[in-house]
Amino acid sequence: MKKKALKLSLLGTAFAGALVFTATSTGSFAWFTDSVEATGEIQGGTLELNNGQDIDGSIVQASNFAPSQLIFGDWLSVENTGTLDTHLQATYRHQVDLEVPIDAYKVGYIALKYTVAPGRDVYEDAQYRLDQLFNGVTNEVQTFSAASTAGSDDVEVLVAIVDESEYDQNTGELFLGDGSQTGRDNEFWQLDEGQYIDLNFGVKLDENAGNEYQGAVYQAVLEVLAKQTDNGANY
């Protein structure tokens, strides 16, 4: 009886040790694993004109202006310096400091749209075309100048007189165009990344303007707003 009990005791001890060994050994085993992941990033676009700076140059500048005279201002450049295409809305506002009708000041403009600047002949032809649009007796007192360039055939040209139907008689606000609207003159005002629009204004004081315009000070402001080309975008 003692021997049997001893054998059973030893067997139980050995079995327990085996269980302990097995549990310990199992816990040390390694499993093969793997993992994958995905990442993402969105870089915001930029909507910017002229690197955020106002337009250089003067719309018009003259002294001793008189009836029948026509003056051209500086070339004004609007460049899409952002990374997004944009719709432009261009508005010209003018006023005179005397109680006289503003519509005696006839306003015309040349607009050239391009990526590579056109040659001088394009500028000269556009000025000639605008000159011919002013009615009546016209005495040109200052012509515009344009630097000679290598030239490009890929240029859109818009030459127009802003007639009385296109501005508000009370505010003197002249609507030039809106790139988000249909029609050739409006679609001109859509500016792709890296494109320019060069503008030159001509202002003529009607030859029938009387003495009440003596000493009058004429002032003009051009405002160009930009917005995304996406549906629902606002200025």
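Residues numbered from 1 in each chain as written. Predicted model: local features only at pLDDT ≥ 70, side-chain atom pairs only at ≥ 80, totals over all residues. Heavy atoms only, no water.

Taking an unreviewed UniProt entry as the reference, the protein chain is identified by name as Spore coat-associated protein N belonging to Alkalicoccobacillus plakortidis.

A.B. asks: Looking at this model, I keep getting lost on the pattern of salt bridges. Mind explaining?
C.D. replies: Pairs can form between side chains of opposite charge once their charged atoms are near each other. Within the structure shown, the criterion is met by seven salt bridges. Close ionic contact of glutamate 156 with lysine 113 constitutes a salt bridge, the shortest N to O distance being 3.6 Å. Of the two residues, glutamate 156 is situated in strand S6 (residues 155–162) and lysine 113 in strand S4 (residues 105–114); the sequence distance between them amounts to 43 residues. Through salt bridges that share partners, Arg93, Glu173 and Glu223 make up one connected network. (Salt bridge = Lys/Arg side-chain N within 4 Å of Asp/Glu carboxyl O. Helix = DSSP H or I, 4+ residues; strand = E, 2+ residues; numbered from the N terminus.)

A.B. asks: How should the pairing of S6 be read in this particular structure?
C.D. replies: Side chains on a regular strand alternate between the two faces of the sheet. Along S6, six of the eight residues are buried, which leaves the element largely enclosed by surrounding structure. The pairing of S4 with S6 spans eight bridges and is antiparallel. Among the inter-strand pairings, alanine 111 is bridged to a residue of S6, identified as leucine 158. (Buried < 20%, exposed > 50% of the residue type's maximum accessible area, 1.4 Å probe, protein only. Pairing = 2+ DSSP bridges.)

A.B. asks: What am I meant to see in unusual backbone geometry here?
C.D. replies: For residues besides glycine, phi is generally negative; the peptide bonds are generally trans as well. Its identity as a non-glycine residue notwithstanding, asparagine 50 has a phi of 50°, on the positive side. Owing to a relative accessible area of 15%, asparagine 50 belongs among the buried residues under this scheme. With phi around 55°, asparagine 64 is a residue other than glycine that occupies positive phi space. Within the element layout of this structure, asparagine 64 appears in the loop between helix H1 (2–27) and strand S1 (69–72). On the basis of relative accessible area, asparagine 64 is assigned to the exposed category, the value being 71%.

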